[in-house]
Protein chains: 2
Amino acid sequence: MQIDTTPATAERGRPATPAYDALIERYARMHRLAHLGSIAGWDQAALMPPKGNEARAAALAELDGLLHRMATETALGERIERAADEPLDDLQRANLREMRRAWVRETALPDGLVERRRLAASRCEHAWRRQRPANDWAGFLENFRPVLALAREEAALLAERTGLARYDALMDSYEPGMTSAVVDRVFGDMRQWLPGLIREVGERQAARDAADPPVDPVGPFPIDRQRAMCERLMRRLGFDFDAGRLDVSAHPFCGGVPEDVRLTTRFTSDEFLGSLMGTVHETGHARYEQNLPREWLGQPVGQARSMAFHESQSLAFEMQLGGHPGFAELLAPLLREAFGTQPAFEPVRLHRRLTRVQRGLIRVDADEVTYPAHIILRYEIERALIEGRIEAEDIPALWDAKMDELLGLDTRGNYRDGPMQDVHWPEGLFGYFPCYTLGAMYAAQWFAAIRRALPDLDARIAHGDLAPVFDWLHTHIWSQGSRWTTEELTRRASGEPLNPAHLRAHLQRRYLG
Amino acid sequence: MQIDTTPATAERGRPATPAYDALIERYARMHRLAHLGSIAGWDQAALMPPKGNEARAAALAELDGLLHRMATETALGERIERAADEPLDDLQRANLREMRRAWVRETALPDGLVERRRLAASRCEHAWRRQRPANDWAGFLENFRPVLALAREEAALLAERTGLARYDALMDSYEPGMTSAVVDRVFGDMRQWLPGLIREVGERQAARDAADPPVDPVGPFPIDRQRAMCERLMRRLGFDFDAGRLDVSAHPFCGGVPEDVRLTTRFTSDEFLGSLMGTVHETGHARYEQNLPREWLGQPVGQARSMAFHESQSLAFEMQLGGHPGFAELLAPLLREAFGTQPAFEPVRLHRRLTRVQRGLIRVDADEVTYPAHIILRYEIERALIEGRIEAEDIPALWDAKMDELLGLDTRGNYRDGPMQDVHWPEGLFGYFPCYTLGAMYAAQWFAAIRRALPDLDARIAHGDLAPVFDWLHTHIWSQGSRWTTEELTRRASGEPLNPAHLRAHLQRRYLG
């Protein structure tokens, strides 16, 4: 494929930057084509009837291949080199920085490896859907070993190309600039105080529950009312329904494109809190996407900064706001309107429910206090896997030991709710897990910064005024796209680099204060 | 873009056909990419929130441009020439025939013209949405003149390239092999007997209505019940909901891909018959797509034969079946279940309603008797426009005269419900209109063939047994894709070339029998 030559129509007074201009045009084309993949991918998860799957998968793979070829053309790399010598301003330099980063990563892997990895992951994930409910660890291992081998091969090639350590080279796909040296430091610190905190919070909540037993909401909760309530809440949280939708899928996610964000959730009529808070979580992702800088869309600087930054938005909504007493005040009238008046909908009781801490086997069901334990465990295991210090068959023993250490739970023999519970490993996604807890740390750091700027923040949230939070996030995070590196943006937004003390302080204040 | 060289891995005993094999691989890739455009286009019409439109339009235009570049690569044309000398079997020759046809048409138009045409049509169509309700013919003309000029330019270039007459060169896009000589003959014949038939049917129905006044269904008709009823009826008509969906859009259509057909309809709670019969119409299109030969999908022979053939399927369902007394028998219990028992739902009354003939201004509301009058009028006008025998400003006078001649209606000054009523001309789609009535003729011809093969057909339909119809259509039309030319397929299916006598006989038997 040839890159079209864009005429060097320099604007009046702006020096000619033909290589850079051609790169921008090429990126815009890739962006427009990727749009179709995003929508078709969302449709696949939310609406597509079963017999459409084979053709859809083939169509999406074709687009992936096309975009990969476009991103790895020799001419593109040459233009990146030439553009470096052009008279670029700072924003243009930021674009070039991101383009070079993508180029290095995209060209590091031979097409054959990308294809073999896709096939191995697809086979493993497909079998895992049946093997997980059957608790079939031995069967899973058969398919997982090649996935791991290819991930190690990928890590080695990326490491060679980028100069990063092998695990870091994978993590860098999701969290540019993050290293395991940093993760070791912040997770290592957390490992010291988290099990004690979990115990202490558990004891305190058990004592309170004994003195004043919790009151459960009484169902059923009709799905059409749940849906209407979720949409009302999304509006309160600033979701723009002229630029997005809420639909249903087996696994909730935030898809689509910034101009048209597609949230999904799932409903069950005997419970509403799971889908409600899942929707709040995805609304955080959605607002980030809906508020990315419109004038930069299609350029690298127009993209969300990183996956931990993305998680910091969803967790700012779900955890920082969702566990705030003001959120229960805001939610109570919506629940009464949807399901009638119930004692469980009293704001005080609702807030207790939204901040209930419970050690459990399943990561996605975990509260904000126990969640990091699930992540630390996965990080330690997957890093050792990628570095070749352990093999796939070593996972269960490590899993059992770490679950006991961190959460005091016995998981022996329960692979289904143990190392087989997540889709990440079957799909070969190594290096993603840390982003969840890094995101929780960033979210706490943002709220600390907002409180410094607005000392009456909690009073305002308690009165249902969420605007200060959204305004701050818009100014400091959403509107910045990928204009700055992750580290620089962290510093600009909050005045300091990643600082895990904020998450600890937040959890102590909320759960032991 | 380079065509990938597919290795000439000749199957055992099959002679090597490297150029042909590379063409097949290239077509499969275009098919997979076009899949994404089909789904994103359906989503745009059925689900997309308003602020998504600009990015979606840009994404779809990017894909169109990409597919056009893939379809016009020099190497593709060279491969078509080389493949002609390879030892191909008949099916492969059929693919090559269709590829050559597409190549000739795709390369006939310079990219600049394609782009100018797209822009002019987009501007005209966009303004037309406001101008039509305002009856603003003068405003419409401003934007329509450039659309017409570009269509003439396109017609001249296609005519030069294909050797066809100019209007025929446009019509050939939708109806390969059809010429205005044939259309003149069959429409000319119809023009002789249609106005008389319309009058005679009108008188007969008026007399019957006077003797036995029609009974109207009593609403409201709740939309969720209409929807459930439409889905039940679609199942009865063989629509496979594991390979498709029913949704809502402003203008009903049949979109998606053969493996995942996306039907749309629209509902209003004060009337149900419009959306019901619209759904039946689209279900005819859908079954054609869902039953195209699966093993040929992605090859030219795997596509539906032509637009008139497609309309012949939708009209076989909506008109041939929908106006059959057996259809009213089948429908009555579904209506009673949805809306309760009503006198209007008696099969005899329902059938009267489904075969009511009424001269009206609007094509899309017309019944099967008056519909061809709307098409003949449009064909005569648009052909003269393309051939340069008249100009855009001559349309209203011709419209008025022909509406008077064919339907006896006065349309003077009513542009909104006259020449501005359809989206085709604002969008620059000239040569499509004949397909509707050619489709009605083919549908009548298919039913005549089915009756010859199955003399008890009407008794079986009257008992709700539609299988013989679907089996015949599957064997003779759906499963044949584009294996044969339109003319050859007509002959193979029905034993004769296009024969308009069947439509006349059908209308006379049903309405005057």
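Another aspect to go through is the overall build of chain A. When you go through chain A residue by residue, the secondary structure sums to 20 helices and three strands. Here chain A has a C-alpha radius of gyration of 23 Å; the compact-globule value for 513 residues is 24 Å, and the two agree. Seen through its principal axes, chain A has C-alpha atoms that stretch 75 × 55 × 50 Å. For chain A, the residues scored as buried account for 42% of the 513 residues in total.

Glancing now at the interface of chain B and chain A. At the interface, 29 residues of chain B touch 30 residues of chain A. Of all elements in the fold, only α1 (18-46), α2 (53-71) and β1 (244-248) of chain B reach the threshold of two or more residues within the side of chain B that touches chain A. For the side of chain B that touches chain A, the element with the most residues is α1(B), which contributes nine residues. Residues that form the side of chain B that touches chain A fall into these classes: 16 nonpolar, four polar and nine charged.

This part takes up the sheet that holds strand β3 (residues 260-265) of chain B. Residues and elements named next belong to chain B. Read across the sheet, three strands follow the order β1-β3-β2 without closing on themselves; strand pairing throughout is mixed. A strand with exactly one partner marks an edge of an open sheet, and here the two such strands are β1 and β2 (254-257). Sheet twist, expressed as the mean angle between neighbouring strand axes with direction ignored, is 20°. Both β2 and β3 contribute to a ladder of four bridges, which runs antiparallel. Opposite Cys254, over in β3, you have Leu263 as the bridge partner.

Turning our eyes to something else, we now look at the relation of the copies chain B and chain A. Of the transformation placing chain B onto chain A, the axial shift is 0.0 Å and the rotation is 180°, giving an RMSD of 0.0 Å. Here the copies are linked by what is in effect a two-fold axis. Of all interface residues in chain B, 100% are interface residues in chain A too; the two copies therefore contact each other through one and the same surface.

This paragraph deals with unusual backbone geometry. All names here are of chain A. A cis geometry characterises the amide bond from Gly219 onward to Pro220, with omega recorded as 0°. Of note, Pro220 is situated in the loop between α8 (180-211) and α9 (223-236). Residues other than glycine seldom take positive phi values, yet Asn135 does so here, at roughly 60°. Turning to its location among the elements, Asn135 is positioned in the loop between α5 (111-131) and α6 (137-162).

Residue and element names in this part refer to chain A. Spatially, β1-β3-β2 is the arrangement adopted by the three strands of the open sheet, whose pairing is mixed. On the outer flanks of this sheet lie β1 (244-248) and β2 (254-257), each paired with one strand and no other. Along the sheet, successive strands turn relative to each other by an average axial angle of 20°, direction set aside. Here five bridges tie β1 to strand β3 (residues 260-265), and the two strands are oriented parallel to one another. Residue pairing across strands places Asp247 opposite Thr264, the latter belonging to β3. Packing of helix α1 (residues 18-46) onto the sheet brings it into contact with β1, β2 and β3, and relative to β2 it is tilted by some 145°.

With that settled, consider the packing of helix α9 (residues 223-236) of chain B against helix α10 (residues 273-290) of chain B. Residues and elements named next belong to chain B. The geometry of α9 relative to α10 is characterised by a closest axis approach of 10 Å and an angle of 30° between their N-to-C directions. Like other packed secondary-structure pairs, α9 and α10 cross with a definite hand, here right-handed. Seen from α9, the contacting residues are Gln226, Cys230, Leu233 and Met234; seen from α10, they are Ser275, Leu276, Thr279, Val280 and Thr283. Here the contact of α9 with α10 is built from residues that sort into five nonpolar, four polar and no charged.

So, about the pairing of β2(B). Across the two faces of β2(B) the burial is the same, with Cys254(B) and Gly256(B) and Gly255(B) and Val257(B) all buried. Hairpin connection from β2(B) to β3(B): two residues lie between these consecutive antiparallel strands.

The next subject is α10(B). Taking 1.5 Å of rise per residue, the 18 residues of α10(B) would be expected to cover 26 Å, and the 25 Å separating its terminal C-alpha atoms lies within 8% of that figure. Burial runs high along α10(B): 15 of the 18 residues are buried.

Once that is clear, we can look at the confidence of the model for chain A. Considering every residue of chain A, the mean pLDDT works out to 95; 97% of them sit at 70 or more. Scored below 50 in pLDDT, residues 1-10 of chain A shows 18 contacts in the model against residues more than four places distant or in partner chains.

This paragraph deals with the environment of His424(B). Residues and elements named next belong to chain B. Position of His424 among the secondary structure elements: in the loop between α15 (395-407) and α16 (434-453). Residue classification places His424 among the partly exposed positions, given that 16 C-beta atoms sit within 10 Å. As for His424 and Arg460, which are separated by 36 residues in sequence, their C-alpha atoms are 39 Å apart.

So, on to the environment of Leu454(B). Looking at where Leu454(B) falls in the secondary structure, it is placed in the loop between α16 and α17 (457-462). For the pair Leu454(B) and Gln131(B), spaced 323 residues apart in sequence, the C-alpha to C-alpha distance is 51 Å.

The subject of this paragraph is the environment of Glu311(A). Residues and elements named next belong to chain A. Following the sequence through the fold, Glu311 ends up in helix α11 (residues 307-321). Spatially, the C-alpha atoms of Glu311 and Ser180 are 18 Å apart, while their sequence positions differ by 131 residues. For Glu311, the contacting residues outside a window of four places in its chain are Cys435, Tyr436 and Gly439.

With that out of the way, let us pick up the packing of α8(A) against helix α20 (residues 501-512) of chain A. Residue and element names in this part refer to chain A. Running from N to C, α8 and α20 point in directions that differ by 15°, and their axes come no closer than 10 Å. With respect to α20, the element α8 is oriented roughly parallel. Two packed elements cross with a definite hand, and for α8 against α20 that hand is left-handed. Along the contact surface, α8 presents Trp193, Leu197, Glu200, Val201 and Arg204, while α20 presents Arg504, Leu507, Tyr511 and Leu512. Its residues assigned to classes, the contact of α8 with α20 comprises six nonpolar, no polar and three charged.

Criteria and cut-off values
- Residues numbered from 1 in each chain as written.
- Chains lettered and ligands numbered in written order.
- Predicted model: local features only at pLDDT ≥ 70, side-chain atom pairs only at ≥ 80, totals over all residues.
- Helix = DSSP H or I, 4+ residues; strand = E, 2+ residues; numbered from the N terminus.
- Rg over C-alpha atoms; globule rule 2.2 N^0.38 Å.
- Buried ≥ 20, exposed ≤ 12 C-beta atoms within 10 Å, placed from the backbone.
- Contact = placed C-beta atoms within 7 Å.
- Nonpolar A, V, L, I, M, F, W, Y, C, P; charged D, E, K, R; others polar.
- Pairing = 2+ DSSP bridges.
- Axes fitted to C-alpha atoms, helices over the stretch in contact; angles between N-to-C directions.
- Least-squares fit on C-alpha atoms with pLDDT ≥ 70 in both.
- Left-handed = near helix turned anticlockwise from the far one by under 90°.
- Expected span 1.5 Å × (residues − 1).
- pLDDT = per-residue confidence, 0-100.
- Parallel < 35°, antiparallel > 145°, perpendicular 65-115°, else oblique.

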